[in-house]
Amino acid sequence: DRDGAVGQIDFDADGGGVALGVDARFWQQGMLSLGVAASRTRLDVSDAGGATYESVDVGLSGGWLAGPLRLRGGVHYGRGWHESERQIDFAGIDREAEGRFTSHRVGAGAQAGWAFDALGWEIEPQLGVDYTYLREDAVDESNARGLSLDVERRETQQWASEAGASVAKRFEKTAYWGPWLEWADGIWATELRAHYRRVWTGSERRLVASLEGAPGAGNLRVEGSGPDDGVRAGAGVHFRPRKSYASLRAGYDVFWGDGTLQHHFTGGVEIPF
């Protein structure tokens with residue numbers, strides 16, 4: 001969910017997916033993870049239309065523990081399939097343009113942290129950097145009867161950094177006020193996090209298009225940009241029942257930027273085997 005100020009858009013997004021991963025430990029302090037995920041998301045933009053997005057992602061991530069030092073990193077590739085609906089409503093015209101296109105995403109990131117205990121909580125200051133490359137293929141809209149657009153291919157590269165900290169605690173809970181909560185016996189893990197994020201390059205976006213059948217190309221240009229910096233905060237909980245291998249997780253994240261407020265609610269089930 002995103003609430004935009006003047007000049008920014010509002011939208012709601014709902015989605016779900018499934019992920020499969022394999023972990024391997026090396027030299028006791030290191031961990032490598034290979035994952036494959038598939039997802040589907042529905043996006044509804046206020047007074048503009050909507051889109052359906054399906055994707056498949058493959059990623060490799062790793063971590064290294066050396067005393068209080070925590071090192072993390074990863075790379076991933078994603079392929080997306082998009083279907084969009086653009087509302088056209090002005091001067092008595094009420095039409096909907098439909099478009100289809102594919103996208104390719106490449107991302108990489110690294111983070112370093114230094115953990116220490118304070119009053120039974122693990123506090124970890126963190127510093128990270130990430131890179132994203134996104135290519136969106138050309139879009140040929142249809143069904144708008146003369147108002148469809150031919151959108152040129154777009155490429156975006158973004159470099160960003162983050163600095164902040166997380167606060168986490170794990171504990172085993174077995175005593176409750178009544179027997180109706182015995183199902184909640186198990187290991188609970190909670191986390192609070194806050195980071196300042198700075199986008200160094202790639203916050204600007206440009207769309208170049210032309211009306212279907214119009215002479216020439218690129219006679220319509222739209223430019224915009226996202227916030228260059230902001231604060232990202234969140235909270236999460238992870239629960240593994242005492243007599244089960246499966247575990248549950250839930251989380252909430254919020255991002256405050258210039259003219260932008262974004263909310264993310266997530267939940268999932270993890271089944272190791």
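Residues numbered from 1 in each chain as written. Predicted model: local features only at pLDDT ≥ 70, side-chain atom pairs only at ≥ 80, totals over all residues. Heavy atoms only, no water.

**Remarks on the overall build of the protein chain**
- Secondary structure summary: the protein chain contains zero helices and 17 strands in total.
- Looking at the protein chain residue by residue over its 273 residues, the buried ones come to 29%. (Helix = DSSP H or I, 4+ residues; strand = E, 2+ residues; numbered from the N terminus. Buried < 20%, exposed > 50% of the residue type's maximum accessible area, 1.4 Å probe, protein only.)

**Here's the deal with the packing of aromatic side chains**
- For the structure on display, the rule yields six aromatic pairs.
- Taken together, a centroid distance of 6.3 Å and an interplanar angle of 80 degrees make the contact between Trp-27 and Trp-64 edge-to-face. Within this pair, whereas Trp-27 is found in the loop between β2 (11–26) and β3 (30–45), its partner Trp-64 is found in strand β4 (residues 49–66), the two being separated by 37 residues in sequence.
- Exposure remark for Trp-27: the relative accessible area of 66% places this residue in the exposed category.
- A ring pair is formed by Tyr-252 and Phe-265, whose centres lie 4.9 Å apart and whose planes are at 40 degrees; its orientation type is tilted. (Phe/Tyr/Trp six-rings, centres within 6.5 Å; stacked < 30°, edge-to-face > 60°.)

**Let's talk about the nonpolar core**
- In terms of nonpolar packing, the biggest core is built from five residues, these being Phe-101, Val-139, Leu-149, Val-151 and Ala-209.
- Those residues in contact with Val-139 that lie beyond four places of it in its chain are Gly-99, Arg-100, Phe-101, Leu-149, Asp-150 and Val-151. (Core = buried A, V, L, I, M, F, W, Y, C linked by side-chain atoms within 4.5 Å. Contact = heavy atoms within 4.5 Å.)

**Let's talk about the layout of surface pockets**
- Its volume calculated, the second largest pocket comes out at about 540 Å³.
- Residue lining of the second largest pocket: 18 residues in total, with Arg-170, Ala-189, Thr-190, Glu-191 and His-238 positioned closest to the centre.
- Listing elements by their share of the lining of the second largest pocket, those giving two or more residues are β11 (154–173), β12 (186–201), β15 (229–241), β16 (247–257) and β17 (260–270).
- When residues in the lining of the second largest pocket are grouped by element, the largest group, five residues, is from β12.
- Looking at side-chain class alone, the lining of the second largest pocket contains five nonpolar, five polar and eight charged residues. (1 Å grid on protein atoms, 1.4 Å probe; cavity = no way out; pocket = protein on both sides within 12 Å on 5 of 7 lines; lining within 4 Å. Points joined across faces, edges and corners; volume = space filled by probe spheres on them. Nonpolar A, V, L, I, M, F, W, Y, C, P; charged D, E, K, R; others polar.)

**What to know about the pattern of salt bridges**
- Counted under the stated rule, the structure contains 18 salt bridges.
- The salt bridge partner of Glu-124 is Arg-72, with a shortest N-O separation of 2.8 Å. Placement of the pair is Glu-124 in strand β8 (residues 121–136) and Arg-72 in strand β5 (residues 69–90), with a sequence separation of 52 residues.
- Judged by relative accessible area, Arg-72 falls into the partly exposed class, the value being 35%.
- Close ionic contact of Glu-155 with Arg-153 constitutes a salt bridge, the shortest N to O distance being 3.0 Å.
- Overall, the relative accessible area of 46% leaves Glu-155 in the partly exposed class.
- Using a relative accessible area of 47% as the deciding quantity, one classes Arg-153 as partly exposed.
- Each of Asp-130, Glu-162, Arg-197 and Arg-232 takes part in one network of salt bridges that share partners. (Salt bridge = Lys/Arg side-chain N within 4 Å of Asp/Glu carboxyl O.)

**With respect to the pairing of β17**
- Sheet topology places β16 next to β17; eleven bridges connect them, and they run antiparallel. Directly across from Val-254, in β17, lies its bridge partner His-263.
- The turn joining β16 and β17, which pair antiparallel and follow one another in sequence, is formed by two residues; a positive phi near 75 degrees is taken by Gly-259. (Pairing = 2+ DSSP bridges.)

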